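# Topology and contacts: notes
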Amino acid sequence: MVAGAGRSGHLVGERRSPAQVLFLGKYSPLAYMIAAWELATAAGLIPELLLPRFSDVMAAWARMMLSGELPEHALSSIWREAAGFSSSVVFGITVGIAMARFRVLRDLFEPLLRLLFPLPKSALIPILIVWLGIGHLSKIAVIFLGCILPVIVSSFNGARGVDRHLVWSALIMGTGKRKLLWRVIIPGALPDILSGTRLALAVSFVLLVGSEMLAGNTGLGFLTYFLSEAGDLAGMFAAIFTLTLLGFLADRLYLRFMRRILIWQREDQE
Amino acid sequence: MSESRVKIRAAGVSKTYISPGGESVLAIDGVDLEVRENEFLSIVGPSGCGKSTFLYLVAGVLEVTGGELVKDGAAIRGPGPDRGLVFQHFALFPWRTVMGNVCYGLEEQGLPRPERTGRARELIQRVGLKGFENVYPNQLSGGMKQRVALARTLAYDPEVLLMDEPFGALDAQTRLLMQEELLELWSERKKTVIFITHDVREAVYLSDRVAVMTARPGRIKRIVETRAPGSSAGREHVETQEFVEKVNEIWSLVRDEVVIS
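For the structure given in this document, a descriptive report is provided here.

What counts, and at which threshold
- Residues numbered from 1 in each chain as written.
- Chains lettered and ligands numbered in written order.
- Predicted model: local features only at pLDDT ≥ 70, side-chain atom pairs only at ≥ 80, totals over all residues.
- Pairing = 2+ DSSP bridges.
- Helix = DSSP H or I, 4+ residues; strand = E, 2+ residues; numbered from the N terminus.
- Axes fitted to C-alpha atoms, helices over the stretch in contact; angles between N-to-C directions.
- Contact = placed C-beta atoms within 7 Å.
- Nonpolar A, V, L, I, M, F, W, Y, C, P; charged D, E, K, R; others polar.
- Core = buried A, V, L, I, M, F, W, Y, C linked by C-beta atoms within 7 Å.
- Buried ≥ 20, exposed ≤ 12 C-beta atoms within 10 Å, placed from the backbone.

Residues and elements named next belong to chain B. Pairing within the open sheet is mixed, and its 6 strands lie in the order β6-β7-β8-β3-β9-β10. This sheet does not close on itself; its edge strands, each paired only once, are β6 (83-86) and β10 (220-225). Within this sheet the neighbouring strands show an average axis-to-axis angle of 15°, counted without direction. Sheet analysis places strand β7 (residues 160-164) next to strand β8 (residues 192-196), joined by 5 bridges and oriented parallel. By the bridge assignment, M163 is partnered in β8 with F195.

Structure representation (structure tokens):
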């Protein structure tokens, strides 16, 4: 239970290879599902009009990657996602912590937040398109508005929940009121902030795809909708596959980042 | 001992706070107490009598609402590194290693890095945690965490050490060990100590004097001399008839209050 001395430095290197083994083991059931998919469609158990063969999806994916169609739409989506998500994180953390520290801001924003929290943010897509057009900006705005609430709420709760004994200890040891924010409040709120931000990351992909489907002519959401209308199911699944891959990678990267920052929370650093 | 000067003086100190329900609660009412320089004074009393509140007032993290609270002749206004505070639940910064925690106060004083790590290393060794410098608090046992908290407080060398049931969350054996070590540390580097506890034996064992508080709103009911001036502190006294009598005397004072509350 109790750790020995001075080994926090080389943890990452030691952990990598067993983690990779675990990774392959954990995802191996996918291979059976894909095999079942391929066999069922090849045998004609499921009509190809409803579900294309997995191998056809992969062929379409390779073709669309090489033609530059997928990368182009993917880049457009990635840009919107990155801009919307990162701006919501920056603003959300700032607003949430400011609300926790200043009563005036809390009283000002709280009713608004309570009202907006249950609103499905996708309902805002049409009006944002009217206001901001069918280009990048309306999508970024949708993602921003949808993500900012969980970030604000988690930052607010995190900052308010910091143990007052920690704050007292810091004040006694000479930390000034202003420095307290960086020295105690933010590090103390970090676990909450990071889990709220992860929720926002998941929400952001839903809103990205939804807003791209409703208007515009770029992005993976648009491509998915367009190809399904055109009856190119293999191509549509290739677009969905790309979206899944992007969402998965974003979440994995985020988790890795979160674990690295919160290394002090790990019970056993083995 | 009785000749030495007064370090902290409370005259009619009271504290009213607003409960989460919005009512105002009188936590302590008219506490009169003089704590002498380099004295080890314990405060015992029933749960909720305001012992901890009084300690937080001395620390300056809560504000007095009535009466006068003075250190070295000047009214206490706000917290400062001259009065170190040790909590029952340690209050270590979980995102900082043992070294990072012990260095915190020294960082705030602007001590250059080589000096502060040197001083921190010395103290970590002194409390028996050599080899754990780079470990985070959540990997330590309760006793180890309290040692870190003690080292963190001693690092910035406060004149007054305020301890809020510091061993209350520890198991019985660790508790005895920590009491001995605290006495050793206290005799090495003399400090004024105010020690809050539920445990009458602990109070008698550690202290020069024990103050008994009444049920809420707390006042000082009686102050009992527990160590003859000039005599040494140590485990050997625990077996003596005198020790047992002091424990019984104080316990009967506390018991009356527990019954009332």
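Glancing now at the sheet that holds strand β4 (residues 66-71) of chain B. Residue and element names in this part refer to chain B. In spatial order, the strands read β2-β1-β4-β5; together these 4 strands make up an open sheet with antiparallel pairing. Sheet topology places β2 (24-36) and β5 (74-75) at the edges, where each strand pairs with a single neighbour. Across 5 bridges, the pairing between strand β1 (residues 6-18) and β4 is antiparallel. Along β4, the bridge assignment pairs A10 with L69.

A word on the interface of chain B and chain A. How big an interface is tends to be stated in terms of accessible area lost as the parts join. On the chain A side, the residues contacting the 28 residues of chain B number 19 residues. Listed by contribution, the elements that provide at least two residues to the side of chain B that touches chain A are β6 and α2 (98-108) of chain B. Its residues assigned to classes, the side of chain B that touches chain A comprises 16 nonpolar, 10 polar and 2 charged.

Right, let's get into the nonpolar core. As a rule of thumb, nonpolar side chains are buried together in soluble globular proteins. Counting 131 residues, the largest nonpolar core has V58, V102, V148, A151, L162 and I194 of chain B as the members making the most contacts within it. A per-element tally of this core places helix α7 (residues 136-160) of chain A first, with 12 residues. Other than its neighbours up to four places away in sequence, A151 of chain B contacts V102, L123, I124 and V127 of chain B.

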